[in-house]
Amino acid sequence: MNNKRGSWGSNIGFMMAAVGSAVGLGNIWGFPYKMGKSGGFTFLIAYLCLAVAVGFVILLSELALGRRFGYGAFGAYNQLKNSRFKWIRWLAVLSPFLILSFYSVLGGHCIQYLSLNLAELSFGLQNHYGIILEGSTTFGAMLTKPLGCVVFTLMFLTLCYLINRSDVAKGIEKFNKIGMPALFFMLVIFIVRTLTMEGAVEGLKFMFVPGYAVEAGFISETPGFISVLGTAGGQMFFSLSLAMGIMITYGSYVHKEENLKKSSIIIVVSDTIVALMAGVAVIPAAVALAIASGMEYSEISLSGPKLLFVTLQDVFSDMGTLGPLFGVIFYMLVLLAAISSSISLIEVLIAFFLDSAHEKGHQSNRSKVAFWVCVVVMLEATLVAACGMGSNGIAPANLFSWTETGIYAQWNDCWLDFMDFISEGVAMPLGAMLMALMIGWELKPDFMLDEVNNGKEGGKFFNGFYTVCIKFIVPIVMASILAGMLKENLTPYNGGYSVTTICYVIAIAALIIGFIVAVKNGKKIEDSEK
Ligand code: PHE
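Residues numbered from 1 in each chain as written. Predicted model: local features only at pLDDT ≥ 70, side-chain atom pairs only at ≥ 80, totals over all residues. Heavy atoms only, no water.

### Comments concerning the environment of Ile 191
Among the secondary structure elements, Ile 191 is positioned in helix α9 (residues 169-195). Judged by relative accessible area, which is 14%, Ile 191 ranks as buried. When the C-alpha positions of Ile 191 and Val 280 are compared, they lie 6.4 Å apart, and in sequence the two are 89 residues distant. For Ile 191, the contacting residues outside a window of four places in its chain are Met 277, Val 280 and Ala 281. (Helix = DSSP H or I, 4+ residues; strand = E, 2+ residues; numbered from the N terminus. Buried < 20%, exposed > 50% of the residue type's maximum accessible area, 1.4 Å probe, protein only. Contact = heavy atoms within 4.5 Å.)

Here it is in C-alpha cells:
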C-alpha cells in the first residue's frame, strides 16, 4: 500500500468512520416513515434480507476494491486496466459531488435550527417577544431568506473542511470516535423523553404493527409487494452510503490484516439499529403532538425535511420549559449525523485529486486540496441554498419553463430534487449495478474473494453466497431500483401520461447490455491471462 496516503489509526476508528458515513439524514427522516408506511415489521424483514444479500455484498466489495488497490474510488477503477467498466469511475466522483450540493445545505439548516432553539432557550422568544415558533412558519421564513441559508451552508462546509484537512486518522477518525458515541447518547436521551409522552404508543404502532398505518388513517392504502421491495432497496442502498465511492475510499485506508467481512457486518447492523432508534425517538413524538392538538393522522409530516424542520420544531415548541433544550439536543444530533456523512463525501473528492497527482508522480498538499474542494462544493451548494426548496423562483422549472411543456415532474421542482435525481436516482443505482456485473462476470468473484478472505481460502458457504449475490441478485435488484427511481422522478404529477414502461425498458436494457459486455470481455481477460 502507498503509505503517503495515510491509514486508519485503528480498526474501531475505521468502523466508527464508516458507521458515521452511513448514519445520516436518511436514518432519521427516511427509514422510520418508510417502515411505518410499508408494513412495519414485514418491511423490516424485507429490509434486512436486502441488507444482507445486496447491501452487505456491495459494501464488502467496495471496501475490498479500495484496499486491494490502495486508491480511492476513481484511482481504484483506474487500476483495472483491461476492464470495459473503467469509466464508472466518473460516476463514483460525480455522485458525491452532486449529493454534497444539497447535503451541505441541509447541514446548514441544522445549524439554523440549532441557533433558533438556542435563542429560545436563552431569550424565551415565545414568551417575551410574543413570537410563535410554529414549525411551518419558521421553515417558510428560513427558506425565503436565501442569504441566511447560504451563510449557514458556508459555516457547515467550513466545519467539514476543518475536519477533512487533516489526514484521515487525525481528522475523520478522531471526529467520529467522539461524534458517534455522542450521537448515540443523545439519541437515548431523546428516546426516553419521547416514550414518556402521552400517545407515544400510537406512533410505535404506526412504525411496527403491520397494517396499522392504513387502519389508523395515516395513509390511505398499503403499497404493493413490489413497491415495498423497491422502497426497502432504495432506502438500504442510500443509508449504507453505497455506490458513492465512499466505501472504496475508506477501504483504501484499511490495513491488510483486518477482517473486512466482520467490519461490514458490524456497519450494516449498526446502521439499521440507529435507524430503528431514530424512528422510536421521532415518530412517537410527532404522533403524540398530533393527538394533543387534535390533528388528523393523515396531516402529519412524518418524513423528509418537513419532519425535521416543521413537525419536530412544533414538538419542541409545545413541550414547555424543557422544549428548547430538547430542540438543542436534537438538532445537535442531526448536525453530527450530517457532518459525519458529508466528510465522507468530501473525502472521496480529496482522494480523487491526491491519487491523480500521485499516479502522475506528484505529491499534493492535502489541506490545500481540501480547501479547493470545499470552495467548489460551496459554489454548487449556493444554487441549492438560494433556491430554498423551490421558494425563491429559481428552480429548474422556473428557469427553463419546463412546466409548460407538460414534463412537469419531481426533479423539476427545485435544485435539491434535481441534484438528488441525477445522483441517487441514476448515477448510484447504475454504478452499483455495473460494478456488480464487472466483479461477477468480467473480473470474476474470485478476484474479490481473494482480497476479502485476506488471501486465504475462505469458507465454502460464504464464497458461494458471495458469488450468487454478486452475479445475480445484486444486478437484478439494482436494475429494479434504477427503474423505480426513474419512474418516481419522471412520472408527471398531473397524470397526463405514464412513463413506467419506458423506465423499466431503460433499466432492463442497461442490465442486459452491461451483462453482455461483462461476459464478453471477461473471456478476453481470461484468455490474455492464459
Ligand atoms: N447514508 C447517509 C444517510 O443515511 C446518506 C449519505 C448519503 C451519506 C451520501 C453519505 C453520502 O443519510
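### Quick word on the packing of helix α20 (residues 445-452) against helix α21 (residues 460-490)
Between α20 and α21, the shortest axis-to-axis distance is 10 Å and the interhelical angle comes to 135 degrees. The angle between α20 and α21 falls in the class oblique. Along this stretch, α20 crosses α21, giving a crossing that reads as right-handed. Side by side, α20 and α21 meet where Pro 445, Met 448, Leu 449 and Val 452 of the first sit next to Phe 462, Asn 463, Tyr 466, Thr 467, Ile 470 and Lys 471 of the second. (Axes fitted to C-alpha atoms, helices over the stretch in contact; angles between N-to-C directions. Parallel < 35°, antiparallel > 145°, perpendicular 65-115°, else oblique. Left-handed = near helix turned anticlockwise from the far one by under 90°.)

### Concerning the site of the ligand
The full set close to the ligand counts 15 residues, and Ala 22, Gly 26, Tyr 103, Ser 239 and Met 244 are the nearest of them. Note that an oxygen atom of the ligand is positioned 3.0 Å from one of the side-chain N or O atoms of Asn 27. If the ligand stood free it would expose 320 Å²; the protein chains cover 100% of that surface. For the shell around the ligand, the elements supplying multiple residues, two or more each, are α1 (11-22), α2 (25-37), α5 (88-123), α12 (225-239) and α16 (323-359). With three residues, α2 is the single largest residue contributor to the shell around the ligand. By residue class, the composition of the shell around the ligand is eight nonpolar, seven polar and no charged. (Near = heavy atom within 4 Å. Polar contact = N/O pair within 3.5 Å; in protein donor to acceptor, adjacent residues only side chain to side chain. Areas by Shrake-Rupley, 256 points an atom, 1.4 Å probe, with all protein chains shown as cover. Nonpolar A, V, L, I, M, F, W, Y, C, P; charged D, E, K, R; others polar.)

### Thoughts on helix α15 (residues 304-317)
End to end, α15 covers 19 Å across 14 residues, agreeing with the expected 20 Å (1.5 Å per residue, within 8%). Of all the 14 residues making up α15, 11 are buried; the element is thus mostly covered by neighbouring parts of the structure. For α15, every residue scored as buried is listed here: Gly 304, Leu 307, Leu 308, Phe 309, Val 310, Thr 311, Leu 312, Gln 313, Asp 314, Val 315 and Phe 316. Buried-residue contacts for α15 involve α2, α5, α7 (135-143), α9, α14 (260-292) and α16. (Expected span 1.5 Å × (residues − 1).)

### A word on the packing of aromatic side chains
This model, assessed by the stated rule, comprises 32 aromatic pairs. Note on Tyr 113 and Phe 309: the rings are 4.9 Å apart at their centroids and 40 degrees apart in plane angle, and the pair reads as tilted. Of the two residues, Tyr 113 is situated in helix α5 and Phe 309 in helix α15; the sequence distance between them amounts to 196 residues. Residue class for Phe 309 comes out buried when judged on its relative accessible area of 0%. A network of ring pairs unites the aromatic residues Tyr 113, Phe 139, Phe 190, Phe 309, Phe 316, Phe 326, Phe 330 and Tyr 331 as a single cluster. In this structure, Arg 68 packs its charged tip against the face of Phe 69, placed 5.2 Å from the ring centre. A cation over a ring is seen here: Arg 193 above Phe 326, with NZ or CZ 5.8 Å from the ring centre. (Phe/Tyr/Trp six-rings, centres within 6.5 Å; stacked < 30°, edge-to-face > 60°. Lys NZ or Arg CZ within 6 Å of the ring centre and 35° of its normal.)

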